[in-house]
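# An overview of the molecular structure
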Amino acid sequence: MKLLRAIARFLIGITFLFSGLMKLIDPVGTALKTGEYIGIAGAEPWASIYVVFAVLLSSVELLMGFALLLGLRMKFFSHLVLFFISFFTILTFYIALFNPVSDCGCFGEALQLSNWETFLKNLVLLALVIVIFFQKQKFTPVLPERWEWILSIAFFVLFVSFSVYSYRHLPQVDLMEYRAGSDLREMSGLYGSNTSKTPETILIYMKDGVEYEFSIDNLPDSSYIFVDSKTVGVENLMVKAGFAISDSSGYVTDSILNIRGAVFLISVPFVDYLSANRTSIISEFCDSLKVKSLPFFFVTGSGRETVEKWAAENEFLHSIYYGDYKMLFTLNRSFGGLTYIHDGIITSKWSRVDLPFETIDDILNEDPEVVAAEEVIKQNLFIEFLFILLLVVAAVLRFFFRLFYKHNHNIYDNREEQES
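The paragraphs below set out a description of the structure included in this document. (Residues numbered from 1 in each chain as written. Predicted model: local features only at pLDDT ≥ 70, side-chain atom pairs only at ≥ 80, totals over all residues. Heavy atoms only, no water.)

## Some remarks on the pairing of strand 9 (residues 337-342)
The buried count for strand 9 comes to five of six residues, which makes it a mostly enclosed element. Where strand 6 (residues 262-268) lies against strand 9, six bridges are found, and the strand directions are antiparallel. By the bridge assignment for strand 9, alanine 262 is matched with histidine 342. Alignment of strand 9 against strand 10 (residues 345-350), held across five bridges, turns out to be antiparallel. Its bridge partner being in strand 10, threonine 339 is matched across the sheet by lysine 349. (Buried < 20%, exposed > 50% of the residue type's maximum accessible area, 1.4 Å probe, protein only. Helix = DSSP H or I, 4+ residues; strand = E, 2+ residues; numbered from the N terminus. Pairing = 2+ DSSP bridges.)

## Thoughts on the packing of helix 1 (residues 2-24) against helix 4 (residues 74-98)
Where helix 1 meets helix 4, the closest approach of the two axes is 13 Å, and the angle between their N-to-C directions is 65 degrees. Our pair here, helix 1 against helix 4, has a crossing hand that is left-handed. Contact residues: helix 1 offers Arg9, Ile12 and Phe16, while helix 4 offers Met74, Val81, Phe84 and Ile85. Its residues assigned to classes, the contact of helix 1 with helix 4 comprises six nonpolar, no polar and one charged. (Axes fitted to C-alpha atoms, helices over the stretch in contact; angles between N-to-C directions. Left-handed = near helix turned anticlockwise from the far one by under 90°. Contact = heavy atoms within 4.5 Å. Nonpolar A, V, L, I, M, F, W, Y, C, P; charged D, E, K, R; others polar.)

## Comments concerning the packing of helix 6 (residues 145-168) against helix 13 (residues 368-404)
Viewed as axis vectors pointing N to C, helix 6 and helix 13 meet at an angle of 170 degrees, and their least axial separation amounts to 15 Å. When the axes of helix 6 and helix 13 are compared, the pair comes out roughly antiparallel. Contacts between helix 6 and helix 13 involve Leu151, Phe155, Phe159 and Phe162 from the former and Phe382, Leu386, Leu390, Val393, Leu397 and Phe401 from the latter. Taken together, the residues of the contact of helix 6 with helix 13 break down into ten nonpolar, no polar and no charged. (Parallel < 35°, antiparallel > 145°, perpendicular 65-115°, else oblique.)

## A few points about the side chain of arginine 352
Among the structural elements, arginine 352 can be located in the loop between strand 10 and helix 12 (360-365). Buried charge arginine 352 goes without a salt bridge, the closest partner of opposite sign being aspartate 354 at 8.5 Å. Among residues more than four places away in sequence, those in contact with arginine 352 are Tyr167, Arg168, Arg278, Ser334, Phe335, Gly336 and Gly337. (Lys, Arg positive; Asp, Glu negative; His and termini not counted. Salt bridge = Lys/Arg side-chain N within 4 Å of Asp/Glu carboxyl O.)

## Considering helix 6
Between its first and last C-alpha atoms helix 6 spans 35 Å; for 24 residues at 1.5 Å apiece the expected length is 34 Å, and the two agree. By the burial criterion, the buried members of helix 6 are Glu148, Leu151, Ser152, Phe155, Phe159, Val160, Ser163 and Ser166. Of the surrounding secondary structure, the elements contacted by the buried residues of helix 6 are helix 1, helix 2 (27-39), helix 3 (48-70), helix 4 and helix 13. (Expected span 1.5 Å × (residues − 1).)

## So, the side chain of threonine 330
Secondary-structure assignment places threonine 330 in helix 11 (residues 325-331). From its side chain, threonine 330 meets the backbone oxygen of lysine 326 in a polar contact 2.7 Å long. With sequence-adjacent residues up to four places away left out, threonine 330 is seen in contact with Met176, Glu177, Tyr178 and Lys349. (Polar contact = N/O pair within 3.5 Å; in protein donor to acceptor, adjacent residues only side chain to side chain.)

## Things to note about the environment of aspartate 183
Note on placement: aspartate 183 falls in the loop between helix 6 and helix 7 (184-187). A relative accessible area of 18% means that aspartate 183 is categorised as buried. Sequence separation of aspartate 183 and glycine 344 is 161 residues, and the distance between their C-alpha atoms is 5.9 Å. In this structure the side chain of aspartate 183 is engaged in a polar contact, spanning 3.0 Å, whose partner is the backbone nitrogen of arginine 185.

## Focus on unusual backbone geometry
Its identity is not glycine, yet glutamate 315 carries a phi of approximately 55 degrees, on the positive side. Within the secondary structure layout, glutamate 315 lies in the loop between helix 10 (304-314) and strand 8 (320-322). Not every positive phi belongs to a glycine, and aspartate 343 is a case in point at roughly 55 degrees. By the element assignment, aspartate 343 lies in the loop between strand 9 and strand 10. With a relative accessible area of 18%, aspartate 343 lands in the buried category.

## A short note on the pattern of salt bridges
Enumeration according to the criterion identifies eleven salt bridges in this entry. Put simply, aspartate 361 and lysine 292 hold a salt bridge, and the shortest N to O gap is 3.4 Å. Here aspartate 361, found in helix 12, pairs with lysine 292, found in the loop between helix 9 (276-291) and strand 7 (296-300); they are 69 residues apart in sequence, far enough to count as distant. Note on lysine 292: relative accessible area 38%, which makes it partly exposed. Measuring nitrogen to oxygen at the nearest pair gives 3.4 Å for the salt bridge that ties glutamate 375 to lysine 378.

Quick look at the structure:
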């Protein structure tokens, strides 16, 4: 039974460690997935509370994995992990039956499982957690109780801080399809090779509160307000290839991607999430690009009426373009992030707090292919290093704690009996 306990603790620990880490480095992506789950109940697709929940969820999940590997507070964490797995086993069973979301997001963007695969994975984990739960009294503490709590809280604070840093800046690892080195000219082709119907772009306009659909060849007069656009008549639509940008007249994606040389995209999924100060900084950055005659596009996922009100209130005078907010979050995980594109290929990205005011000239003087390649290599090394580091830290700490801390089993057993 001792070997089974050790195997269960290791498998659960490493699974939670990996799952929590993938969510931790991408709190915005975790928040988006949270919105999809909550949206099942009819809630709005995005809210600030989702980010808070994402940070706490990923930090707790990573802590559970780390604590199990290290052996911290096994009685407490066995209860917590059992509750966690039981809840998500029930939830993923419901999702597998009714398919309200396409992917559980269990491992962030690093590994995507079908809904039934996710449910079966949780069943296996539940069986292992039950072993740990009923054997929790057999685990030997690695430190005195007070120090185990102090260490657990310290690591939790560290994980939360790391996730908050990822939210304020950008994920240290970009696992999305629009990562550095991606050719947007290829990805913007929405249609498969065996499409049997001719795609048609439909533009949606509003007048007097009523929406109307028009083709590109039959546009309404200026009394109609542009709302959105969609493509119809496509049988083999590639869902993830959704890079599309439009203005009040229709799509301008091809025009943007056909620009030779550098292009900068400032992506703001929701303009009403920008503070006045941050709006001023972004406007100033747009001015700096304009002075240097560098092509740039301010793209938002907000509706036209919201954008016009926001632009008037903040005296934002630059041209504004539109794109799906999920596409913008996929492109850049920031509210007001900057993406540098060269000849249609993504080269670099910055968050809203890291706009490169002083380094634009240096950036343009670098070979964009080399910059993109170095970014990919750096990110791959980072995630491998961080995951291995957490495993090594857990193993080393457990070794030294077990080596120097001599636990009094009689005192511990008496305390456990009193607590029972």
